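# Tertiary structure, described
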Amino acid sequence: MALYRAAPWQKPLSLALLLAALALPTALSALDQAFYIGFATRVLIFALAASSLNLVLGFGGMVSLGHAAFLGAGAYVAAICQQAGINEALIAFPLAMSVAGLFALVVGAVSLRTRGVYFIMITLAFAQMAYYLFVSARSWGGDDGLPLNGRMTLGGLPLASDDALFYAALLALVAAMALFGRLVDARFGRVLQAIRENETRMEALGYPVFRFRLVAFVLGGMVAGLAGALLANLTGLASPNLLQWTQSGTLLVMVIIGGVGYLYGGVVGAVILLMLEETLVGFTAHWHIVLGLLLLAVVLFAPRGVAALFGPARSDEHG
Amino acid sequence: MAEALLEVSRLSRRFGAVDALKEVDFNVTAGEVHALIGPNGAGKTTFIHHVSGALQPDSGRIRFAGHDVTALSMHRRVSAGMARSYQITNIFPGLSALDNVALAVQGRNDAGSSFRFWRPVGREAALFDEAKGYLEQVGLQDKGGAAAGMLSHGEQRALELAMVLATRPKLLLLDEPMAGTGPEESARMVELIEQLARRVTILLVEHDMAAVFRLADRISVLVNGQLICTGTPDEVRNDAAVRRAYLGDHL
């Protein structure tokens, strides 16, 4: 693959979508569909989580099957903070990011010494260990999870209303996408992508490959931790299921459907997958069959993901 | 003799039952072109892998520019001034030729940290200006925008050389730079290496004997993991053991 380059219309389009998102809660309320504000928040949060995985997977070339562990860690930190009497998101969210980032540092420091299928298995193993840890932690609710007593405040403002939490999630997503968008064009992002393309060559050019990968892995973990803390506020529960490998798989599917290595791949994938689920669940409990067909179609007709269909033409179909 | 830039002493490495390298003593003097030759399977590439840090020896020391680098990883040796090309072209095929070289410039110690997350590289004109200079040195000034994978084989070899140069090495490790190139490209590569040799020390592994005898100040001969001879081209040409082991029917 070539180095990522944003299409020229990408900036105006994302600004337009941002404006639409800002108006969404008002519009939904006016249409008497306020119920969907919570759903839209969920989409934003998963867009954030999937984008953080896309940094690791799409730009860093690290196929992690344990990314949900950082999502879950963030959710638990939020719940535990509240249990400890900290109800301010400005404290709890950075804490969630720090804990998830530290966890990612440990996981990455070990697993990034392996390659290919071993890396997949080790990240999976770490995530499952974390899952069983929380399942067996009685004081944190065991397999029932740890509930929150209502939502936190953000800088003193309550997130109790669906609108407020929606805007908080939107702010987090916009900040993360701004960072990722700058990052992939900056020195760090170019090095990261070049490592994905040819690790040996980068080492032979004098780059400490391991350190670059680890930093990207930790950054991805931190953003996933933020998504987890937001999710706990949305659902009112930090559940061990958030750390399950199936959750990691869902994030992977989002990135693959959306577009691996495309800046907005995670966002597009989260929107498509969650809207599909929301729509189909109304018709049949077996909506996963349709999801399977969709995945098949993506792999066959848009192997680079949906975002790639709209992305800039790339001259990298060769060698 | 001038000071040794690279000093390898009693380097050994076994792969299972095979002695790939046996107590190899070898040095490269600053400023020279030192060619390492030997029949297929003699251990030349294995030797280069050990010098560059891609492989670790079972025993022996490697000193470079006055420091023991035996335990250093590859990227640290590159920072210390050692750069290598590969027998099989090793570039970023999906990236433009210019981006390939710009990454090499960016990786250098004096180019500043690459842990920069915000400022677009596109605004760092110095990086690309310098990269263009290296492309020009290898005759690829018109190919900067082309995807590296689309270049001809000879152009890809030249591109790899430009990347290696961009690391501003003290010592160039060239592993069969002529491999797979046609006669014309080969002649251009010899000229290029001749020019480079005025500025940088070169350790050259090559099968093309005409090129070796034209370029090398000294030649070492490796056979079955053992160094059997080191000397000037004339000494090596007339060495009985070398003739027996290797050159006999070539010269």
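Residues numbered from 1 in each chain as written. Chains lettered and ligands numbered in written order. Predicted model: local features only at pLDDT ≥ 70, side-chain atom pairs only at ≥ 80, totals over all residues.

## Thoughts on the pairing of strand 1 (residues 4-15) of chain B
Residues and elements named next belong to chain B. Across eight bridges, the pairing between strand 1 and strand 2 (residues 18-29) is antiparallel. Looking across to strand 2, one finds that L6 is bridged to V28. Here strand 1 hands over to strand 2 after two residues, with G16 in that stretch at a positive phi of 60 degrees. Bridge count for strand 1 against strand 4 (residues 59-64) is five bridges, and the pairing is antiparallel. Residue L6 lies in a different strand from strand 4, and its bridge partner there is F64. (Pairing = 2+ DSSP bridges. Helix = DSSP H or I, 4+ residues; strand = E, 2+ residues; numbered from the N terminus.)

## Concerning the domain arrangement of chain B
All names here are of chain B. Domain annotation of chain B identifies domain 1 (1-81 + 172-251) and domain 2 (91-168). With ten residues of domain 1 at the contact, the number on the domain 2 side is eight residues. When contributions to the side of domain 1 that touches domain 2 are tallied by element, the ones reaching two or more residues are helix 2 (74-79) and helix 6 (183-197). The element contributing the most residues to the side of domain 1 that touches domain 2 is helix 6, with three residues. Looking at the side of domain 1 that touches domain 2 residue by residue, the class counts come to five nonpolar, four polar and one charged. (Domains from an automatic or database assignment. Contact = placed C-beta atoms within 7 Å. Nonpolar A, V, L, I, M, F, W, Y, C, P; charged D, E, K, R; others polar.)

## Let's talk about the nonpolar core
In this structure, A:L48, A:L226, B:V101 and B:A162 are the most contacted members of the largest nonpolar core, which totals 183 residues. For this core, the element with the most residues is helix 9 (residues 209-235) of chain A, which contributes 16 residues. Mapping this core onto the domain boundaries places at least three of its residues in each of domain 1 (1-81 + 172-251) and domain 2 (91-168) of chain B. When residues no more than four places from it in sequence are discounted, the contact partners of A:L226 are A:L48, A:G74, A:F93, A:A96, A:M97 and A:A172. (Core = buried A, V, L, I, M, F, W, Y, C linked by C-beta atoms within 7 Å. Buried ≥ 20, exposed ≤ 12 C-beta atoms within 10 Å, placed from the backbone.)

## So, helix 7 (residues 187-197) of chain A
The buried fraction of helix 7 of chain A amounts to eleven of the eleven residues, a majority that puts the element mostly inside the structure. Buried residues belonging to helix 7 of chain A abut helix 2 (35-59), helix 6 (162-185), helix 8 (199-204) and helix 9 of chain A together with helix 3 (97-106) of chain B.

## Some words on the sheet that holds strand 2 of chain B
All names here are of chain B. An order of 2-1-4-5 is seen for the four strands of this open sheet, with the pairing classed as antiparallel. Here the strands that pair on one side only, and so sit at the sheet edges, are strand 2 and strand 5 (67-68). Packed on one face of the sheet, helix 1 (residues 44-52) meets strand 1, strand 2 and strand 4 and runs near 120 degrees to strand 1. (Axes fitted to C-alpha atoms, helices over the stretch in contact; angles between N-to-C directions.)

## Notes on the sheet that holds strand 3 (residues 33-37) of chain B
Residue and element names in this part refer to chain B. Taken in spatial order, the six strands of this open sheet run 6-7-8-3-9-10, and their pairing is mixed. Sheet topology places strand 6 (82-85) and strand 10 (226-231) at the edges, where each strand pairs with a single neighbour. Here the average twist between neighbouring strands, direction ignored, is 15 degrees. Contacts from helix 1 reach strand 3, strand 6, strand 7 (171-175), strand 8 (201-205) and strand 9 (218-223) within the one sheet, and its direction differs from that of strand 7 by about 150 degrees. The sheet contacts of helix 5 (residues 153-166) involve strand 6 and strand 7, and relative to strand 6 the element is tilted by about 175 degrees.

## Side note on the interface of chain B and chain A
Every contact between the two is made by 31 residues of chain B and, on the other side, 27 residues of chain A. Of all the secondary-structure elements, those providing two or more residues to the side of chain B that touches chain A are helix 2 and helix 3 of chain B. Looking at side-chain class alone, the side of chain B that touches chain A contains 16 nonpolar, ten polar and five charged residues.

## Some words on the packing of helix 2 of chain A against helix 10 (residues 245-258) of chain A
Residues and elements named next belong to chain A. Following both chains from N to C, one finds helix 2 and helix 10 inclined at 75 degrees, their axes separated by 9 Å at the closest point. Our classification of the angle between helix 2 and helix 10 gives roughly perpendicular. Where helix 2 abuts helix 10, its residues F46, A49, A50, L53, N54, L57 and G58 lie against L251, L252, M254, V255 and G258. When the residues that make up the contact of helix 2 with helix 10 are grouped by side-chain class, the tally is nine nonpolar, three polar and no charged. (Parallel < 35°, antiparallel > 145°, perpendicular 65-115°, else oblique.)

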